[in-house]
Amino acid sequence: MHLRDWFLLALIVVLVAFALWVDLASPAIAFWRAVPPLPENPSTEDLARHEELAHAIRSTTLHLGLDLQGGMQVILEAQLAAAGSGHLAPVPGPLTMPHLAEIALRSLAHGAQAMLTAVEAPVDLETARDIINDRVNALGVAEAVVQVQGDRRLVVELPGVEDPRQALAAMQNTGLLEFVDTRGDFPPAGTLISTTAGLTAEQIRAITWTRVYSTVLTGADLVRSEIHVIADKFTGQPEVTLGFNAAGAARFAEWTSRHVGDPLAIVLDKKVVDVPTIREPITSGRASISGGGIDLAEARRIALLLAYGALPTSFSVVENRTVGPTLGQDSINKSVVAGVIGIATVLIFMTLYYRLPGVLASTALCIYAVLIFAIYKLIPVTVTLPGIAGLLLSIGMAVDANILIFERMKEELRAGKALRPAIEAGFDRAWTSIIDSNLSTLLTCVILFVFGNSLGASIVKGFAITLFIGVLVSMFSAITVTRTLLRLAYALLGPWMARHSSLLLGVSLQR
Amino acid sequence: MLHLVRRRYLYFALTALIILPGLVAMVISTVRYGSPVRLSIDFTSGSFLEVEFERPVGAEEVRAVFEGQGLEVAAVQLTAGDRIAVVRTQFIDAPSKEAALAALRARFGNVTERRFDSVGPSISATVTRNAILAVAAAALVILGFITFAFRKVPHPFRYGLCAIAAMVHDILVTVGLFSLAGLLFGWEADTLFLSALLTVIGFSVQDTIVVYDRIRENTPRMRGLPFEDIVDHSLTQTLHRSLATHLNAMFVMVALLLFGGATIKQFILVMFVGLASGTYSSIFNAVPLLVVWENGEVPRFLRRVFLRA
């Protein structure tokens, strides 16, 4: 054993110790049901607490795919306006923060205005993605994943969702747009506030931990066709116009008359968007929002928000999969049992067939399993049922590299080499075989991953990733761990091995 | 040394025999269902609802409820003592599903939804296209890889093509088996099946490369020998390893088949057959084909036939 080998051995020991710590430090599997569901009208503290708990669970346990922990996957496809250009151009960003105190809400002056931009034209999938992400998070789905796919689809994965109906509704419906009386406050954009919309007086009184602001009007009172982005005819600055229906207009007129100079927050899904100030009583039911450094991009964003309750277009559900949790738990249990049995058989076989090197290979295999598990936790890798199958398969194939080496060793021994050179030759000669053959599997994994990616099938992706990692680590374990162990065995037990070679190695060395 | 390559035409005949039932099944399947394997909703679009009832029900009753909702039912399967029903319909959205569930509850009492998959036509079109692309991409990548890895050997391109031929064999065996199972047991190919297929391709090539590697190593060392003998030496030397590796993979898969969860049984079976086929095709297809090519047996045979005539 050279110095280098002792160093490698030390490295392996440290690696295994670390991996064991990661593996045992926390429960392997914790379903999102462990996180208590959010109350009906979550406050900021509720959401923060929920996020903290979810994060704690997320960072220490194995990430389970939808098929194992239950949940739903939905693919939404944007319905582009038939008459529109149909191209999907992103809203130019980053959006500037308007100066809230300066945004004015004024009565819409009649007269010719230049239409700056149609509200319908571009569909910003990124914005839609963020909005839906916010909504599902507000539902209390801790590990929701919303991704843009292609140029018109969103893939939404919601693990542990108890009520798929509620989740779907939240995603597809227009958000709850409210105009809220903030009683003189200017909460910054993005703040979550509690409002009175949809609550009875009793429920409002029951909320004692935070302030409840009263909702003056909601998005239901808006008339969509009245929402435009225009240029002010004097300054050329962009403005957003809006109009209310009859009932809304009356209520608006009454409220603005009493609150000239006060702020009125525009709130979407409980998040503050903007807080313009009422400059004058608005009795016509039509108003404009301007000032505060609102540029064209911001104006368009506000207009979209008002017109569509934030989703820049309507989405239809083109794919919907829900899995009940019972299937998952059952499958996990069975697969774990099966895996243990399978691997135990492999270990027994290796020991019987390859004797002492087989025992070492079995040790290397156990180390391999420990390392893999730790990697899954650390990256983290989403484990699906085929992913587990892929892992177990890669363990079965991990022995392949070892087998290549041992067969080579036996050949060298039979050819008359001494023990030590035979060991080294075995590794050297088998090296190219191992690399080339595993490389082809790795390439296939890459193709599988790309394929899985392009249709949002996390199941295929999960399988590709677990197999890829499995093959990589198995190469490491066979080449580094097994070799170091063999060298160690030779250093400690060399003469004994040579004397009892037919028992310990399966090959007679006696001449 | 075993003289394996000597009987290569026997192996080719055997291969044809193995592939034949699968091919027949695929033809029947195409005639009956419009595609060589029965496709799940991932590829054809539609909806798939699995519900659990409190007491055994009849398939016809369940179908009647759905049709009463105006939904076209493709199939109803009952399992677990007629208490779990798997209903396959056209593509329905969530509200329709809820309405159907309500109707089922009205008719049968308490009903639990275990699983609901619904794939629209735009998605299934994408999936189908990507599936074909994935297989084609895998074939091309592997061909390129082998040609590159074995560039120092005379005619590396042949090695690649023979490996592809073995791969095609594996694909035919796997798809043929699945087609047969589709006809007999109603198995449907979904994205999971595709993953299994791609994995089989990957592993098949892995096996082939190990043998090629040995041939590459032996070629300069056994320069005087005819190619057939070099190949025989290489095969004999790697036989142990192929069988041992295969055996180990089998251990794991058999354990999963016997004790694993029901949902991946099809997947594991496909892998099982595919891996076995992979090992077989590496030894008895890829390498003999290579020998045939290197010896120039096909041109010789054609010349004999046409010159005699």
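These numbers come from a predicted model, not from an experiment.

All right, on to the overall build of chain A then. Within chain A, the regular secondary structure consists of 13 helices and 17 strands. Counting over 511 residues, chain A shows a buried share of 45%. Pairs at least 24 apart in sequence give 78% of the contacts found in chain A among residues at least 6 apart.

Scanning chain B for helices and strands turns up 10 helices and four strands. Seen in sequence order, chain B has helices and strands lined up from the N terminus as α-α-β-α-β-β-α-β-α-α-α-α-α-α. A compact globule built from 309 residues should have a C-alpha radius of gyration of about 19 Å, whereas chain B, at 25 Å, is more than 25% larger. Considering only C-alpha atoms, chain B reaches an extent of 85 × 45 × 30 Å along its principal axes. Counting only contacts in chain B whose residues sit at least 6 apart along the sequence, the fraction spanning at least 24 positions is 75%.

Each assigned domain of chain B is listed here: domain 1 (5–38 + 123–305) and domain 2 (46–119). Distance between the C-alpha centres of domain 1 of chain B and domain 2 of chain B: 40 Å.

Before going further, it helps to examine the pairing of strand S12 (residues 264–268) of chain A. Residues in a regular strand project their side chains so that they alternate between the two faces of the sheet. Residues and elements named next belong to chain A. Across the five residues of S12, five count as buried, placing the element largely inside the fold. Of the two faces of S12, the one lined by Leu264, Ile266 and Leu268 and the one lined by Ala265 and Val267 are each fully buried. Pairing of strand S7 (residues 177–181) with S12, which is carried by five bridges, proceeds in the antiparallel orientation. Of the residues in S12, the one forming a bridge with Val180 is Ala265. In the sheet, S12 pairs with strand S13 (residues 271–274) via three bridges, with the strands oriented antiparallel. If you follow Leu268 over to S13, its bridge partner there is Lys271. Taking the residues that link successive antiparallel strands as the turn, the S12-S13 hairpin has two residues, and the phi of Asp269 there is positive, at about 50°.

Below, the discussion takes up the sheet that holds S7(A). Residues and elements named next belong to chain A. Strand order in the open sheet made by the five strands is S8-S9-S7-S12-S13, with mixed pairing throughout. Each edge of the open sheet carries a strand with a single partner, namely strand S8 (194–195) and S13. Pairing of S8 with strand S9 (residues 212–218), which is carried by two bridges, proceeds in the parallel orientation. Its bridge partner being in S9, Thr195 is matched across the sheet by Tyr213.

Val156(A), Ala389(A), Ala163(B), Val252(B) and Met271(B) are the most contacted members of the largest nonpolar core, which totals 167 residues. If near-sequence neighbours (up to four positions away) are discounted, Ala163(B) is found in contact with Ile142(B), Ile146(B), Val205(B), Thr208(B) and Ala286(B). Within the second largest apolar cluster, 33 residues are counted, among which are Val216(A), Val240(A), Ala299(A) and Ile302(A).

What follows concerns the environment of Leu393(A). Among the structural elements, Leu393(A) can be located in helix H10 (residues 385–414). Judged by the 26 C-beta atoms lying within 10 Å of it, Leu393(A) falls in the buried class. With 54 residues separating them along the chain, Leu393(A) and Gly339(A) place their C-alpha atoms 9.2 Å apart. Ignoring any residue separated from it by four or fewer positions in sequence, one finds Leu393(A) in contact with Ala249(B), Val252(B) and Met271(B).

Bringing the packing of helix H7 (residues 191–221) of chain B against helix H9 (residues 265–295) of chain B into the picture now. All names here are of chain B. Where H7 contacts H9, the two axes come as close as 8 Å, and the packing angle between them is 30°. It follows from the interaxial angle that H7 and H9 lie roughly parallel. Here H7 runs over H9; the crossing is right-handed. Mapping the contact onto sequence places Leu192, Phe193, Ala196, Thr199, Val200, Phe203, Ser204, Asp207, Thr208 and Val211 in H7 and Phe267, Val270, Met271, Gly274, Leu275, Gly278, Thr279, Ser281, Ser282, Ile283, Ala286 and Val287 in H9. Its residues assigned to classes, the contact of H7 with H9 comprises 13 nonpolar, eight polar and one charged.

Now for helix H5 (residues 121–149) of chain B. Side chains of residues three or four places apart in an α-helix project in the same direction, reflecting 3.6 residues per turn. Taking 1.5 Å of rise per residue, 29 residues should cover 42 Å, and H5(B) covers 42 Å from first to last C-alpha, within 8% of that figure. Inspection of H5(B) places Ile123(B), Ser124(B), Val127(B), Asn130(B), Ala131(B), Ala134(B), Ala138(B), Ile142(B), Ile146(B) and Ala149(B) among the buried residues, and these make up the whole buried set.

Quick look at the interface of chain B and chain A now. Residue-level contacts link 55 residues of chain B with 59 residues of chain A. For the side of chain B that touches chain A, the secondary structure elements donating two or more residues are helix H4 (94–108), strand S4 (111–119), H5, H7, helix H8 (227–259) and H9 of chain B. Looking at which element gives the most residues to the side of chain B that touches chain A, the answer is H7(B), with 13 residues. Of the residues that constitute the side of chain B that touches chain A, the class distribution is 31 nonpolar, 16 polar and eight charged.

As a further point, take unusual backbone geometry. With a phi angle near 50°, Arg183(A) is a residue other than glycine that sits in the positive phi range. Mapped onto the fold, Arg183(A) is located in the loop between S7 and S8.

Before going further, it helps to examine the packing of H10(A) against H8(B). Contact geometry for H10(A) and H8(B): axes closest at 9 Å, N-to-C directions at 160°. Between H10(A) and H8(B), the interaxial angle falls into the category roughly antiparallel. Note that H10(A) runs across H8(B); the crossing there is right-handed. The segment H10(A) lies against H8(B), with Ala389(A), Leu392(A), Leu393(A), Ile395(A), Gly396(A), Met397(A), Val399(A), Asp400(A), Ile403(A), Leu404(A) and Glu407(A) engaging His240(B), Arg241(B), Ala244(B), Thr245(B), Asn248(B), Ala249(B), Phe251(B), Val252(B) and Leu256(B). Split into classes, the residues belonging to the contact of H10(A) with H8(B) amount to 13 nonpolar, four polar and three charged.

Moving on to H9(B). Residues and elements named next belong to chain B. Look at H9: 44 Å from first C-alpha to last across 31 residues, which is about the 45 Å you get at 1.5 Å a residue. Along H9, the sharpest kink reaches roughly 45°, centred on Ser281. Just downstream of H9, Gly296 is the residue with a positive phi angle, here 65°.

Moving on to the confidence of the model for chain A. Residues and elements named next belong to chain A. Residues of chain A with pLDDT of at least 70 account for 73%, and the chain-wide mean is 74. For chain A, the element scoring lowest by mean pLDDT is strand S4 (residues 114–117), at 49; helix H7 (residues 246–258) scores highest, at 86. Considering only residues more than four positions removed or in separate chains, one finds that residues 81–101, a stretch of pLDDT under 50, has 42 contacts. This stretch, residues 117–122, has a pLDDT under 50; its non-local contacts, to residues over four places away or in other chains, come to 15 contacts.

Averaged over every residue, the pLDDT of chain B is 83; the share at 70 or more is 100%. Interface confidence in the predicted complex, given as ipTM, is 0.77; pTM for the same model is 0.70.

All names here are of chain A. Structurally, Ala10 is set in helix H1 (residues 3–24). Its 11 C-beta neighbours within 10 Å are what place Ala10 among the exposed residues. Along the chain, Ala10 and Phe468 lie 458 residues apart, while their C-alpha atoms are 26 Å from each other.

All names here are of chain A. Secondary-structure assignment places Tyr213 in strand S9. The sequence separation of Tyr213 and Val346 amounts to 133 residues, and the corresponding C-alpha distance is 66 Å. Among residues more than four places away in sequence, those in contact with Tyr213 are Val180, Asp181, Thr182, Ile193, Ser194 and Thr195.

Each value, and the rule that gives it
Residues numbered from 1 in each chain as written. Chains lettered and ligands numbered in written order. Predicted model: local features only at pLDDT ≥ 70, side-chain atom pairs only at ≥ 80, totals over all residues. Helix = DSSP H or I, 4+ residues; strand = E, 2+ residues; numbered from the N terminus. Buried ≥ 20, exposed ≤ 12 C-beta atoms within 10 Å, placed from the backbone. Contact = placed C-beta atoms within 7 Å. Rg over C-alpha atoms; globule rule 2.2 N^0.38 Å. Domains from an automatic or database assignment. Pairing = 2+ DSSP bridges. Core = buried A, V, L, I, M, F, W, Y, C linked by C-beta atoms within 7 Å. Axes fitted to C-alpha atoms, helices over the stretch in contact; angles between N-to-C directions. Parallel < 35°, antiparallel > 145°, perpendicular 65-115°, else oblique. Left-handed = near helix turned anticlockwise from the far one by under 90°. Nonpolar A, V, L, I, M, F, W, Y, C, P; charged D, E, K, R; others polar. Expected span 1.5 Å × (residues − 1). Bend = angle between axes of the 7 residues up to and from the residue. pLDDT = per-residue confidence, 0-100.

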